Amino acid sequence: MSVVAIDTRPESSRDRVRYVARALFGGAGSVKRPIIFLVITVVISSFLSSSFFTVSNAKSLLISSSFLVVITVGEAFVIMMGMIDLGVESVLAASGMLAAFFTIYQRMPAIPAVLLTLVIGVLIGVVVGLLVTKGRIPSFIVTLGSYWGFEGVALLINNGSYISPYSFTPPRPLGFGGIAGTMFGLPILILVSFGIVILGQLLISLTPLGTWIKSVGSNEVSARVVGLNTGRLKILVFAISGVLAAFAGVMMTAWAKSIYPNSGTGLSLEAIAAVILGGIPFVGGRGTIVGAAIGAIVIGIVNDLIVLLGLPALWEYIFVALVLVIAGLQARGGADVK
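Since we're looking at a predicted model, the values are computed, not measured.

Conventions and cut-offs
- Residues numbered from 1 in each chain as written.
- Predicted model: local features only at pLDDT ≥ 70, side-chain atom pairs only at ≥ 80, totals over all residues.
- Heavy atoms only, no water.
- Axes fitted to C-alpha atoms, helices over the stretch in contact; angles between N-to-C directions.
- Helix = DSSP H or I, 4+ residues; strand = E, 2+ residues; numbered from the N terminus.
- Parallel < 35°, antiparallel > 145°, perpendicular 65-115°, else oblique.
- Contact = heavy atoms within 4.5 Å.
- pLDDT = per-residue confidence, 0-100.
- Core = buried A, V, L, I, M, F, W, Y, C linked by side-chain atoms within 4.5 Å.
- Buried < 20%, exposed > 50% of the residue type's maximum accessible area, 1.4 Å probe, protein only.
- Patch = residues over 30% accessible without salt bridge, like charges linked within 9 Å, V, L, I, M, F, W, Y side chains within 5 Å.
- Areas by Shrake-Rupley, 256 points an atom, 1.4 Å probe, with all protein chains shown as cover.
- Salt bridge = Lys/Arg side-chain N within 4 Å of Asp/Glu carboxyl O.
- Phe/Tyr/Trp six-rings, centres within 6.5 Å; stacked < 30°, edge-to-face > 60°.
- Lys NZ or Arg CZ within 6 Å of the ring centre and 35° of its normal.
- Expected span 1.5 Å × (residues − 1).

1. Quick look at the packing of helix H7 (residues 188-206) against helix H8 (residues 208-218)
Next, step 1: The contact between H7 and H8 brings their axes to 4 Å, and the two run at 75°. With respect to H8, the axis of H7 lies roughly perpendicular. Together, Leu-203, Ile-204 and Leu-206 of H7 and Pro-208, Leu-209, Gly-210, Thr-211, Ile-213 and Lys-214 of H8 make up the contact between the two elements.

Spelled out as structure tokens, the structure:
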């Protein structure tokens, strides 16, 4: 009995290019792409600054990037369903202000104060999700409203002023500052952010929920046909984004030992850029949490390099704009090789 071999090699030159691109960079949503971006960024940074490859700089970079990593995980869940959350930076600032207000002004114990802040973050996400699903308002509009609304809340909490232990004499303890400490010689902020990334990836890769989220992002109509409650799933991902943004606010407050109403400015766009750079297409349906987190680290490296080279902080906006363009190009490339 003869066996007929099927030639699966690409036929045209364009097909060959696509075949090679897929082999080198992976398909749409592959984690290979953000890893390549990370390697390139690290190599360039090491050439531009001799201080880049030092233990102290690596530690500082990962700590300062931990807040972006955490909100990027939440943003990844939202974008993976084909939506967007523009309000994460304002929720971060308002939550940090709220946690500090509870512990310093109201003298609430740290654990109840942090838990209450996180619950409020969940509720914010639920309300946003309900407006998107029940109110049928595009997520862009709803979260743009939450961006401005919670920026106002952050300003109102302490009449536009910052909060720190030194807001009183004698100083009052923040209570949850231990989050910015160390464990086994490693910064807890780094451990927590990496733990959140791992949990998020496990949720996407190993649970039915992850499959459902990607299904809705790929084709919402088909997801409804097979019986998925797309409305509840949308509310859930906004709740995840809300609680992670709130937790990032608590982390930032503990790290800085103070919080300002405008803390975290620009993080919403950086988180979106990190998600797209991490291989999750803007239309959703595929990608990895690990890839999105790597995208956040890449942006963190860019910001770190600006400091190491002594460039004005305004250059951050230019570099992030370039990262967004690169992210958009690679996302388009992902569609081409699909």
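Moving on from the model shown.
2. Quick word on the confidence of the model for the chain
Next, step 1: When pLDDT is averaged across the chain, the result is 86; 88% of the residues are at 70 or more.
Next, step 2: Across residues 333-338 the pLDDT falls below 50, and counting only partners more than four positions away or on other chains, this stretch makes ten contacts in the model.

3. Structural notes on the nonpolar core
Next, step 1: In terms of nonpolar packing, the biggest core is built from 89 residues, with Ile-71, Phe-77, Phe-176, Ile-213 and Ile-289 touching the most fellow members.
Next, step 2: In this structure, Phe-77 is in contact with Gly-200, Leu-203, Ile-204, Ile-213, Val-237, Ile-240 and Ile-289, ignoring residues within four places of it in sequence.

4. Observations concerning the environment of Ile-299
Next, step 1: Its place among the elements puts Ile-299 in helix H12 (residues 289-308).
Next, step 2: A sequence separation of 29 residues divides Ile-299 from Glu-270, and the C-alpha atoms of the two residues are 7.3 Å apart.
Next, step 3: Ile-299 has contacts with Leu-68, Glu-270, Ala-273, Ala-274 and Val-323, leaving out every residue within four places of it along the chain.

5. With respect to unusual backbone geometry
Next, step 1: A cis amide bond links Thr-169 with the next residue in sequence, Pro-170, at an omega value of 0°.
Next, step 2: Counting through the fold element by element, Pro-170 comes out in the loop between helix H6 (139-157) and strand S1 (182-183).
Next, step 3: With a phi angle near 55°, Arg-107 is a residue other than glycine that sits in the positive phi range.
Next, step 4: Its place among the elements puts Arg-107 in the loop between helix H4 (88-105) and helix H5 (110-133).
Next, step 5: The phi dihedral of Phe-184 is positive, around 55°, even though this residue is not glycine.

6. Observations concerning a nonpolar patch on the surface
Next, step 1: There is a patch of nonpolar side chains on the surface, built from Ile-40, Ile-44, Leu-48, Leu-309, Leu-311, Trp-315, Ile-318 and Leu-322 and spanning about 700 Å² of accessible area.
Next, step 2: Broken down by secondary-structure element, the contributors of at least two residues to the nonpolar patch are helix H2 (32-48) and helix H13 (315-336).
Next, step 3: Mapping Ile-318 onto the fold places it in helix H13.

7. Some remarks on the packing of aromatic side chains
Next, step 1: Under the counting rule described, the total for this entry stands at six aromatic pairs.
Next, step 2: Plain terms: the ring middles of Phe-52 and Phe-53 are 5.5 Å apart, the flat faces sit at 65° to each other, and that makes the pair edge-to-face.
Next, step 3: Its relative accessible area of 61% is what places Phe-53 among the exposed residues.
Next, step 4: Pairing Phe-67 with Trp-255 gives two aromatic rings, centres 5.2 Å apart and planes at 50°, and the pair type is tilted. With a gap of 188 residues between them, Phe-67 in helix H3 (residues 55-80) and Trp-255 in helix H10 (residues 230-256) connect regions that are remote in the sequence.
Next, step 5: Each residue in the set Phe-101, Tyr-105 and Phe-168 is aromatic and connected to the rest through ring pairs, giving one cluster.
Next, step 6: Positioned above the aromatic ring of Phe-168, the side-chain terminus of Arg-172 is 3.7 Å from the ring centre.

8. Focus on helix H11 (residues 267-277)
Next, step 1: Here H11 lies mainly inside the structure; ten of its eleven residues are buried.
Next, step 2: Within H11, the full set of buried residues consists of Leu-267, Ser-268, Glu-270, Ala-271, Ile-272, Ala-273, Ala-274, Val-275, Ile-276 and Leu-277.
Next, step 3: Residue Gly-279 follows H11 closely and has a positive phi angle near 100°.

9. Things to note about H5
Next, step 1: Here H5 contains 24 residues, and its C-alpha end-to-end distance of 35 Å stays within 8% of the 34 Å for a straight helix at 1.5 Å per residue.
Next, step 2: Along H5, the positions that sit buried rather than exposed are Ala-110, Ala-113, Val-114, Thr-117, Leu-118, Gly-121, Ile-124, Gly-125, Val-128, Gly-129, Val-132 and Thr-133.
Next, step 3: Tucked inside the fold, the buried residues of H5 contact H4, H6 and H10.

10. Notes on the pattern of salt bridges
Next, step 1: Applying the stated criterion across every chain, the model contains two salt bridges.
Next, step 2: A salt bridge links Glu-220 to Arg-224; its shortest N-O distance comes to 2.7 Å. Here Glu-220 and its partner Arg-224 are both found in helix H9 (residues 220-225), four residues apart, which amounts to about one turn of the helix.
Next, step 3: A relative accessible area of 23% places Glu-220 in the partly exposed class.
Next, step 4: Here Arg-224 falls in the partly exposed class, since its relative accessible area comes to 48%.
Next, step 5: Across the pair Glu-220 and Lys-234 runs a salt bridge, and its minimum N-O distance is 3.0 Å. With a gap of 14 residues between them, Glu-220 in helix H9 and Lys-234 in helix H10 connect regions that are remote in the sequence.
Next, step 6: When salt bridges with common partners are traced through the structure, they connect Glu-220, Arg-224 and Lys-234 into a single cluster.

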